[in-house]
Amino acid sequence: MDKDHTAVKVPLDGIQKQTTEELIDRTLELYPEKARNKRAPHMAANDPGVQGCSVKSNRKTVPGVMSARGCAYAGAKGVVWGPIRDMTHVSHGPVGCGYYSWGTRRNLVDGHQGVDVFSAMQFTSDFQEKDVVYGGDKKLAVICREIRELFPLAKGISVLSECPVGLIGDDINAVAKKSCQELNLPVIPCNCEGFRGVSQSLGHHISNDSIRDFVIGTREFDDEPGPYDIALIGDYNIGGDAWASRKILEELGLRVRAIWTGDGQIEHIAATHQVKLNLIHCYRSMNYMAKVMEERYGIPWMEFNFFGPTKIAASLRAIAARFDRTIQDNAEKIIEKYTPMMQAIVDEYRPRLEGKRALLFVGGLRPRHTIGAYEDLGLEIVGTGYEFAHNDDYERTYEEMARGTLIFDDASEIELEKWAREYKVDLVGSGIKEKYVFQKAGIPFRQMHSWDYSGPYHGYEGFPVFARDIDMAINSPTWGLVKAPF
Amino acid sequence: MDKDHTAVKVPLDGIQKQTTEELIDRTLELYPEKARNKRAPHMAANDPGVQGCSVKSNRKTVPGVMSARGCAYAGAKGVVWGPIRDMTHVSHGPVGCGYYSWGTRRNLVDGHQGVDVFSAMQFTSDFQEKDVVYGGDKKLAVICREIRELFPLAKGISVLSECPVGLIGDDINAVAKKSCQELNLPVIPCNCEGFRGVSQSLGHHISNDSIRDFVIGTREFDDEPGPYDIALIGDYNIGGDAWASRKILEELGLRVRAIWTGDGQIEHIAATHQVKLNLIHCYRSMNYMAKVMEERYGIPWMEFNFFGPTKIAASLRAIAARFDRTIQDNAEKIIEKYTPMMQAIVDEYRPRLEGKRALLFVGGLRPRHTIGAYEDLGLEIVGTGYEFAHNDDYERTYEEMARGTLIFDDASEIELEKWAREYKVDLVGSGIKEKYVFQKAGIPFRQMHSWDYSGPYHGYEGFPVFARDIDMAINSPTWGLVKAPF
Amino acid sequence: MSETCAVKKVTENTPEEVARVEEWINSEDYREKNFAREAVVINPVHACQPLGAQLVAHGFEGTLPYVHGSQGCASYYRSALTRHFREPAAAVSSAMTEDGAVFGGQNNLHEGLENALKLYAPKMIAIFTSCMPEIIGDDLNAFITNARNAGIVARDYPLPYANTPSFNGTHIHGYDAMLKSVLSCLSADKKVEGKDNGKLNLIPGFDCNTGNYREYKRICQEMGIEVTVLADISESFDSPLDGTYRPYPGGTPLDEAADALNAHATLSLQKHATTETIKWFKEQTDAPVEVMPSPIGIANTDAFLMNLAERFGKPVAPTLKAERGRAVDAMTDAHQYLHNKKFALWGDPDFLAGMIAFLLEMGARPYHVVCSRGSKKVGKYLQALLDKSPYGQGCKLWMNKDLWHLRSLVMTDPVDALIGCTHGKFITRDAGIPLIRVGFPILDRVNLHRVPYIGYQGAINLLTAIANSFLDEVDRNCEDKHFEMMR
Amino acid sequence: MSETCAVKKVTENTPEEVARVEEWINSEDYREKNFAREAVVINPVHACQPLGAQLVAHGFEGTLPYVHGSQGCASYYRSALTRHFREPAAAVSSAMTEDGAVFGGQNNLHEGLENALKLYAPKMIAIFTSCMPEIIGDDLNAFITNARNAGIVARDYPLPYANTPSFNGTHIHGYDAMLKSVLSCLSADKKVEGKDNGKLNLIPGFDCNTGNYREYKRICQEMGIEVTVLADISESFDSPLDGTYRPYPGGTPLDEAADALNAHATLSLQKHATTETIKWFKEQTDAPVEVMPSPIGIANTDAFLMNLAERFGKPVAPTLKAERGRAVDAMTDAHQYLHNKKFALWGDPDFLAGMIAFLLEMGARPYHVVCSRGSKKVGKYLQALLDKSPYGQGCKLWMNKDLWHLRSLVMTDPVDALIGCTHGKFITRDAGIPLIRVGFPILDRVNLHRVPYIGYQGAINLLTAIANSFLDEVDRNCEDKHFEMMR
């Protein structure tokens, strides 16, 4: 990506490295000693460019704290597999995991549920005690047959293991292989038991590995590859994000051959090795596969950011730079076309939002990628953190934040509460579990996983929606009602 | 009509002339003397065929009793004019009369409200004090002009006077005449002030006279009159009744040129003098015009009854008898076709309704015309009465009722309550004002003006609906909940 | 006409003509012509005075509403109330006919009173007029005195009466006149100098939501304040079905009403529906007599409770404070479904004032506000509410307009939903937007008149109805690909 | 696979194929195949045990739910509750990972308890398990004893725990296990021989409608009965928004719960969700311990009130009798909108039993009843309810079926509406019929979890939702010529 924007940011009024470090100290005081020592490396005052400033990440969650994290299964089902529309995704194990993740991630798909798309449905083997005792492999084979019969247009079955499956020693890989042959249908095992790893992150990785081992390269596109063929990676089409992203990319002159995995089609994904460039939005959940495709098929990849006009413009230019003059001219045309529209949005909302402060705590790409969009609206981000990031995520984050702001990892709810209160933030952007905690405290909140049932937020289509939503959250007159006058 | 059915009915178990007369005496005891004397002639034990048995009717309502009656305006607006779909009907005077009669009579029409039909709308001159002081004639002229401009597809304007208009001496007839010429549009005055007469009945008569004076004969049908041309008179299309009636008549081979006035079109009404026969369902409200058309144009008329299969069959034969063999054969074919369907309805519901007793108190034709339909379902009618009937209505009623049953006129609510209680009826069929009185007392009830928002009840289409509704009213398990077990 | 017009052929509107007019009536051009009309009123928002008077009568213990006029008038008022409440509405009339126009209505009134007393044994008969006696100049005061003198009615039998001509004002003015009359009749000689019975007189105003009355009483109970709700229709129009019909199932006890002038304070919650009554109260008592906005929305409810707290020296009950917190919670949670949404609403001035306040609190826009009958002063009062909030900017108040005007407004300058009575349903159909049914009359849904919209709980109820109505629309109208589990 | 399958071309479903399958999945043939499946469960009606356990934990004063298992499990339960209630759901976990499988979860549990106590200062921590510790055989009892011995938790600190494996039973069984554990933990040594504290223990069961809890308490108040609602989530999941976040805003007071064995009587209103708890109560006390149907509908509410009346020697309050009359009134007035209408419903056995009773009382038909997990005995119990009424004839009970089965039922043997949770909304779309949202979870509408459906007022609320939903449909779907002012 274009490095123009990596210059060190202007510090935020009243927020310095020292004050933030003091805040961190006060925060850590909440904990017993052992937990304090564990949590301490996971938060820091930002000091971009300085060697050694780093937030520790991808470590086990401290027991007994209110972590927002999910598990490997959640990463596999909710993020990677769930959005693939034309497969049935079997939550293999007890009923709960699939039940709780049913319809809750807003990865929109185009089609008729139960006919040619299946992502709003919940397939489970509903393990009973006897399945745990005698094993679930036989049941799984029957499940695959039943699905084949009842959903003839399904293009495949993913088998997502839940905790008991791994613990009792079932061999879903063998069953999947056999079923694949028997049914002449891709049956893809994914050993994403929830106890694996420390968060949903390992679920992404395991899922990427499954795609590597069982999907990629198994199909080819029906028509000839072209010079502008790309894949859109790590866009899960939350509230229609991927459709908004695709729109710009097509306007740019590129041909989006596959989306990973929002509104995804498994056979398109399987043929992605034919594209010329992989564009990655959510680096965290999909970098593995991008690297595999680079190694195995020589496909280059690059990250981009479609949140807010500033980042979109920079990303468009960076993407276009990978192609010829036509595409580069298109990029400029698009930017020219949309800039006044986006300016109108900024003009409308910025006066109502200028100088408002926000605290972010999300997963994947958003703790860093959305910063530009907030800044386009005049907001300041006082702190940002990830549920399940790795070191490379933090490396990409420091320079997006002003010096002295707070960067943190796997925050517990009590930490977030303290920070929101002490920074007197005007907005918290985080997840459903956090939402009402902050609203009860009188602090405006937007769900930044699900866009709070709004969206899309990606692309030029998304920014007006984002701006409206942020304004509405912060400036709703209901906040004036919080304190009773008696 | 076929006289087969006028044989004296089988007496109802436990109901004799004497017991009913005793009940009448007990009922009259509720009143102070003067009112008792006034009410006494209005109720009698039925004694069909006997000279002198008669119920007095069409007299002033006794002040201070809870009468169900409306006024002349109500008869004009709600019954005769309101259902004419393609005119605007101006409630001329204060706002209330039109407001209360707005959308409450279920005279369905086909078209787009405000475009080519207007019957669900409320046009009023909304008299203010100054209109009463200075007169409303000038305002009326402006109203007509405004309507002409705003509703170009309206085929006419009726001006329905409310009480103040007559009392202050306005001359709406002159205004109407002038506006008619100025606007080249029928503007029809109707001096139906509510204080005229004793009930809505005079409103029907006045409206009929207005049609006589200003409408009939002013149009001719575009095509040639035919031998089977008829008009359907006195069907107001409550819940689609007229559509159900029209269907049978057309199946019979007749051509329904005009409906008075359900889903009515004023120009068709105006050309009714071209038909060969007038078929009258609601004799009370429309006999005047039928007689005028007979006198003036020599058009014969006959009454018929489309409630319940027995009466429908008899009516079809009687109607067919006025035409040629083709029509007569059609009548038999229709009866043959529908008899099994109707029998299926009877078979379904009669076991649940056999021997149930009902008390009726409605307007127009229903206190006598619906009896056959109830009897088809096995119900017994222990008493029936009219809100606003005349002597000729009662003459047509006696023979429809068993000897000893109660016949009454302009009942007050307290009388109805007493009768329902003493007869231990299973159903009361009356109007909206009565409905909840009886339901509170734990007595099933159906609105028999509005079909309780159901319908149609006319014709073969209507009987299954009627049967279902009567069953539902009487047999709803909610009646089992009335008495608390504690 | 049959003489002046030649016999023409029957004509039919062509589909093209119909299509043209269908389009035209949605146009700016039509709107202009529609707003230019001066005489005809089409689909009015207001009824006439006697309806309000009858509502008051039903609100008192054992009271029979008595329409001095034609029986047809009584039938209309009774039907109107019964259709809305799905409850009986016992009332009688003088059954005046043409000869009344000649001889006056005294005989009818006397006979009517005699019969009504015998048949229905009311504890009070509340008399109000319809058009005819008003035009012929019947002197009710004299008639009633004569009735007492003639022994038809006992000297101490309460016979309040109100002149409620339909050609003057609307139902809210009939409400006011009758209420004042009932109170002055009952309390005539009951005012005791220096007495303070410690109670609150609460006047809900012309309010056809029985749930609201129950809420008022519950709120006062929570506050520990003894209340006399004046013209309390909550039981009258929401009585049990237990196998016994009662013509007077509820109402303000007459002895409580008679003690009204000895109350600790009097509070009306509908300014415009109680002008005369409040004036009368102020003349009759030195105790505080106040008018406050209907407690619709949070701030209005806050003000109401604080007024009670102050007047009665009691803190706002903690239970009510918790309710407030829950209402604010619900409003916060759902603000995104209403924020910046545009609404068209209509009704009586006090109802509109309350609904405007609630919508503005939600960040919603009361975009077209139609007040059927109201003075310039009423207009200023409502406009000031809109002007107070940024969400009121660009919203328009339409005084003395009707629902046919509103149709033009909605078709040319659209809104997201309508809030009002059933009479607006034809607009919703043409505009393809939902109608949130609140107010009077509701003729096509069940039980909505039992769902309170005042107080904190009422705010939750309003919010629920509106937000879920929008969510229903989204689920119904979205493409398959936008049909989602969560909203 | 990449080895076994040759590289094929990308294929697309043709519109014809899609149309064919669209039609086929609505067919009898498909239904047959769908009902033949034995292994895969598609769109289940039930969640797993820990969810019910966590609900119980939230229902006690100052109690922190503690998931012994992976942190992902806790996140799922918290999210599920939060989405439904739109309220925080504070809970922590042992955050077990792979090494837990090797070494067991004791260290995690001990560390977790230490942290939770310090961070959130709960008055009680209610521990329940998810899959992993159940499979590896963690001994919670020993772990807790060790924690006390190690001084991590005080000896008298309440640490109830329940084994709630997800592969056994459903959320209602987790509810039962946790409730029993909490009660036995708190009341361990609090039973006083011969003591009768005069109170009622009321157990609502797995009920995610906060309005129901408030109704139970109000009803008891009207009856003059002191009640301890066990696992009272009404404040926990419906707390005020007033600027302060409280992790434990409500719940049954611990001292009241501790006194449960000294109560005058114990009443559970969900037979199937409280089997173990009731058994435990019966073992522990000689006071009456009873199970009654959930008071959904009139007769069930009657029975509930009469039971209270008899047990506590108090008559049913006149206010409740009046409420009953109003509910019967509303039901009578609206019977025509529900009579003989067919419904499909799903949920837990006790919820279904109540809804069946209510529908049959209305003359409506609970036509397809899907009970996700239940024994033959449960099936017999529900079937008996259907058999009792003529309106239950021809209605079918489907035990151990899911919502994909229900879809086949509805498409081949249609109904007029669905009654159940949000998960049914895709069926309503394909079938073009309304969904009356009752039960858990409701993810796509606001505030419905605050609207009680138990008791007489609950019957009115249910009725209102159903009848008005049908009336909405009529107005929406009818032709212009059938669009009417009155319904």
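The structure displayed is predicted, hence computed values, not measured ones.

Undergrad: Where do I start with the sheet that holds strand β13 (residues 396-399) of chain C in this structure?
TA: Adjacent strands of a sheet pair through backbone hydrogen bonds, lying either parallel or antiparallel. Residues and elements named next belong to chain C. Taken in spatial order, the 5 strands make up an open sheet running β13-β12-β11-β14-β15, and their pairing is parallel. Strands at the two margins of the open sheet, each flanked by one partner only, are β13 and β15 (435-437). Averaged over all pairs of adjacent strands, the angle between strand axes in this sheet comes to 20 degrees, irrespective of strand direction. Two strands pair when backbone bridges link them, and strand β11 (residues 342-347) and strand β14 (residues 417-420) are joined in this way by 3 bridges, in the parallel orientation. In the strand pairing of β14, Ala344 is matched with Leu418. Strands in contact with helix α16 (residues 376-387) are β12 (365-371) and β13; relative to β13, the strand with the most contacts, it is inclined by about 165 degrees.

Undergrad: Which parts of the structure should I look at to understand the interface of chain A and chain D?
TA: Quite often, the size of an interface is put as the accessible area lost when its parts meet. Listed per partner, the contact involves 99 residues of chain A and 92 residues of chain D. Between chain A and chain D lies a buried interface of about 8,500 Å² when both sides are counted; carbon and sulfur atoms form 61% of it. At the boundary of chain A and chain D, one finds 8 salt bridges. Here Asp126 of chain A makes a salt bridge to Arg373 of chain D, at a shortest N to O gap of 2.3 Å. Looking at the side of chain A that touches chain D, its residues break down into 50 nonpolar, 25 polar and 24 charged. Across 2 bridges, strand β6 (residues 219-220) of chain A lies against strand β1 (residues 8-9) of chain D in parallel orientation.

Undergrad: What's the story with the packing of helix α18 (residues 413-422) of chain A against helix α19 (residues 432-440) of chain A in this structure? I'm lost.
TA: Between two packed helices, what matters for the description is the angle formed by their axes and the separation of those axes. All names here are of chain A. Where α18 contacts α19, the two axes come as close as 11 Å, and the packing angle between them is 40 degrees. Relative to α19, α18 is oriented oblique. Every pair of crossing elements has a handedness; the one defined by α18 and α19 is right-handed. Residue-level contacts link Glu413, Leu416, Glu417 and Ala420 of α18 to Lys433, Glu434, Val437 and Phe438 of α19.

Undergrad: Explain the interface of chain C and chain A to me, please; I cannot follow it from the model alone.
TA: Taken together, the contact between chain C and chain A spans 29 residues of the former and 33 residues of the latter. Regarding the contact of chain C and chain A, the summed buried area is about 2,600 Å², with carbon and sulfur atoms giving 63% of it. The largest contributions to the chain C side of the interface with chain A come from Gln336, Lys481 and Met486 of chain C, which together make up 23% of the buried area. At the boundary of chain C with chain A, the tally comes to 2 salt bridges. For Lys440 of chain A, the salt bridge identified is with Asp329 of chain C, shortest N-O distance 2.9 Å. On inspection of chain C and its partner chain A, the count reaches 8 residue pairs in polar contact (both at pLDDT 80 or more). Elements with a contribution of two residues or more to the side of chain C that touches chain A: α13 (298-312), α14 (318-338) and α15 (349-361) of chain C. With 10 residues, the top contributor of residues to the side of chain C that touches chain A is α14 of chain C. When grouped by side-chain class, the residues that make up the side of chain C that touches chain A number 13 nonpolar, 6 polar and 10 charged.

Undergrad: Got a minute to help me understand the domain arrangement of chain C in this structure?
TA: All names here are of chain C. Each assigned domain of chain C is listed with its residue range as follows: domain 1 (49-186), domain 2 (200-317) and domain 3 (319-480). The C-alpha-based centres of domain 1 and domain 3 are spaced at 35 Å. The partner domain 3 presents 12 residues to the 10 residues of domain 1 that form the contact. With both sides pooled, the region where domain 1 packs onto domain 3 buries about 910 Å², and carbon together with sulfur makes up 63% of that total. In terms of surface lost to domain 3, no three residues of domain 1 exceed His84, Arg86 and Ile172, which account for 55% of the buried area on that side. Between the two partners, domain 1 and domain 3, sit 4 residue pairs in polar contact (both at pLDDT 80 or more). Mapped onto the side of domain 1 that touches domain 3, the elements with two or more residues apiece are α4 (71-85) and α9 (171-187). Per-element accounting of the side of domain 1 that touches domain 3 gives the leading share, 5 residues, to α4.

Undergrad: How should I be thinking about the sheet that holds strand β4 (residues 92-93) of chain D in this particular structure?
TA: Residues and elements named next belong to chain D. Taken in spatial order, the 4 strands line up as β4-β3-β5-β6 in an open sheet, and their pairing is parallel. In this open sheet, the two strands that pair with only one neighbour each are β4 and β6 (161-162). With 6 bridges joining them, strand β3 (residues 63-68) and strand β5 (residues 124-129) adopt parallel strand pairing. By the bridge assignment for β5, His68 is matched with Thr129. Contacts between helix α6 (residues 106-120) and the sheet are confined to β3, β4 and β5, with β3 contributing the most and set at about 160 degrees to the helix.

Undergrad: I'm lost on the nonpolar core in this one. Help?
TA: Soluble globular proteins: nonpolar side chains tend toward being buried together. Core analysis: the largest hydrophobic core is formed by 498 residues, its most contacted members being Trp81 of chain A, Trp81 of chain B, Phe60 of chain C together with Phe60 and Phe358 of chain D. Not counting residues up to four positions away in its chain, the partners in contact with Phe60 of chain D are Met124, Leu179, Val182, Leu183, Leu186, Leu230, Ala231, Gly250, Gly251, Thr252, Leu254 and Ala257 of chain D.

Undergrad: Can you walk me through the pairing of β11 of chain C in this structure?
TA: Within a regular strand, the side chains alternate between the two sheet faces. Residues and elements named next belong to chain C. For β11, a buried count of 5 out of 6 residues is recorded, marking the element as mostly surrounded by other parts of the structure. Sheet topology note: the β11/β12 ladder contains 6 bridges and is parallel. Bridge pairing in β12 places Lys342 opposite Arg365. In this fold, β11 hands off to α15, which returns the chain to β12; that crossover is right-handed.

Undergrad: Got a minute to help me understand helix α1 (residues 17-28) of chain A in this structure?
TA: Residues that lie three or four places apart on an α-helix share one face, since the helix turns once every 3.6 residues. Residue and element names in this part refer to chain A. Across its 12 residues, α1 extends 16 Å between first and last C-alpha, which sits within 8% of the 16 Å expected from 1.5 Å per residue. Where α1 is concerned, the buried positions are Thr20, Leu23, Ile24, Thr27 and Leu28. Buried residues in α1, looked at end-on, bunch into an arc of 135 degrees, giving them a common side.

Undergrad: Would you mind showing me how to read the domain arrangement of chain A here?
TA: All names here are of chain A. Along its sequence, chain A is carved into domain 1 (17-64 + 343-481), domain 2 (72-213) and domain 3 (229-332). The straight-line distance from the C-alpha centre of domain 1 to that of domain 3 is 26 Å. Taken together, the contacts link 28 residues of domain 1 with 26 residues of domain 3. When the two sides are added together, the surface that domain 1 and domain 3 hide from each other amounts to roughly 2,200 Å², 57% of it contributed by carbon and sulfur. The interface formed by domain 1 and domain 3 includes 5 salt bridges. Summed over the shared surface of domain 1 and domain 3, the result is 17 residue pairs in polar contact (both at pLDDT 80 or more).

Undergrad: What exactly am I supposed to notice about the UniProt feature "domain: Nitrogenase/oxidoreductase component" (unreviewed entry) in chain A here?
TA: The UniProt feature table records "domain: Nitrogenase/oxidoreductase component" (unreviewed entry) at residues 71-474 of chain A. Segment residues 71-474 of chain A splits into 48% helix and 16% strand. End C-alpha atoms: 32 Å apart.

Undergrad: I'm lost on the side chain of Asn447 of chain C in this one. Help?
TA: Along the chain, the position of Asn447 of chain C falls in the loop between β15 and α19 (455-477). The exposure class of Asn447 of chain C is buried, given its relative accessible area of 5%. Only 2.9 Å separates the side chain of Asn447 of chain C from the side chain of Thr464 of chain D, close enough to count as a polar contact. In contact with Asn447 of chain C, other than residues within four places in its own chain, are Ala330, Ile460, Leu463 and Thr464 of chain D.

Undergrad: What should I look at first to understand the pattern of salt bridges in this one?
TA: Opposite charge on two side chains permits pairing when their charged atoms draw close. A complete count under the given rule lists 160 salt bridges over all chains for this structure. When the shortest N-O distance is used, the salt bridge between Arg214 of chain C and Glu235 of chain C registers 2.8 Å. Of the two residues, Arg214 of chain C is situated in helix α10 (residues 210-223) and Glu235 of chain C in the loop between β8 (227-229) and α11 (254-258); the sequence distance between them amounts to 21 residues. Among the residues examined, Glu235 of chain C registers a relative accessible area of 25% and is labelled partly exposed. Among the salt bridges present, the one from Asp329 of chain D reaches Arg450 of chain C, with a minimum N-O distance of 3.7 Å. Separated into two different chains, Asp329 of chain D in helix α14 (residues 318-338) and Arg450 of chain C in the loop between β15 and α19 make up a pair that spans both.

Scoring rules and cut-offs
Just so you know, the residues in each chain are numbered from 1, in the order the chain's sequence is written. Written order decides the labels, with chains lettered from A and ligands numbered from 1. Given that this is a predicted model, residues contribute local features only at a pLDDT of at least 70 and side-chain atom pairs are listed and counted only at 80 or more, while totals for whole chains, interfaces and linings are drawn from all residues. Computation of side-chain values covers all heavy atoms of the structure but excludes hydrogens and water. In this analysis, strands are considered paired if DSSP registers two or more bridges between them. Per the convention used, a helix needs a DSSP run of H or I reaching at least four residues, while a strand needs a run of E reaching at least two, with both numbered from the N terminus. In this analysis, axes come from line fits to C-alpha atoms, helices being fitted only over the stretch in contact, and the angle between any two N-to-C directions falls in the range 0 to 180 degrees. Pairs of residues are marked as contacts when any of their non-hydrogen atoms sit within 4.5 Å. Summed over both partners, the accessible surface that disappears when two parts come together, traced with a 1.4 Å probe, is what is meant by buried area. By salt bridge we mean one thing: a side-chain nitrogen of Lys or Arg within 4 Å of a carboxyl oxygen of Asp or Glu. For this classification, Asp, Glu, Lys and Arg are treated as charged, while Ala, Val, Leu, Ile, Met, Phe, Trp, Tyr, Cys and Pro are nonpolar and the rest, including Gly, are polar. Angles are sorted into four bins: roughly parallel if under 35 degrees, roughly antiparallel if over 145, roughly perpendicular if 65 to 115, and oblique for all others. Each helix crossing is assigned a hand: it is left-handed if the near helix lies turned anticlockwise from the far helix by less than a right angle, otherwise right-handed if that turn is clockwise. Two N or O atoms form a polar contact when they lie within 3.5 Å of each other; inside protein one atom must be a possible hydrogen donor and the other a possible acceptor, and for residues adjacent in sequence the pair counts only when both atoms belong to side chains. Domain segmentation is taken from an automatic or database assignment of domains. Put simply, a nonpolar core is a bunch of buried Ala, Val, Leu, Ile, Met, Phe, Trp, Tyr and Cys residues held in one set by side-chain atoms that sit within 4.5 Å of each other. Note on exposure labels: buried denotes an accessible area under 20% of the residue type's maximum, exposed denotes more than 50%, and partly exposed covers the range between, all computed with a 1.4 Å probe on protein chains only. Note on handedness: a clockwise path from strand one over the helix to strand two, with the strands aimed away from the viewer, defines a right-handed crossover. For a helix, the expected span equals 1.5 Å multiplied by the residue count minus one. Here the arc refers to the set of directions running from the helix axis out to each C-beta atom. UniProt positions are given in the numbering used here, feature names are shortened, and annotations may be inferred rather than shown by experiment.

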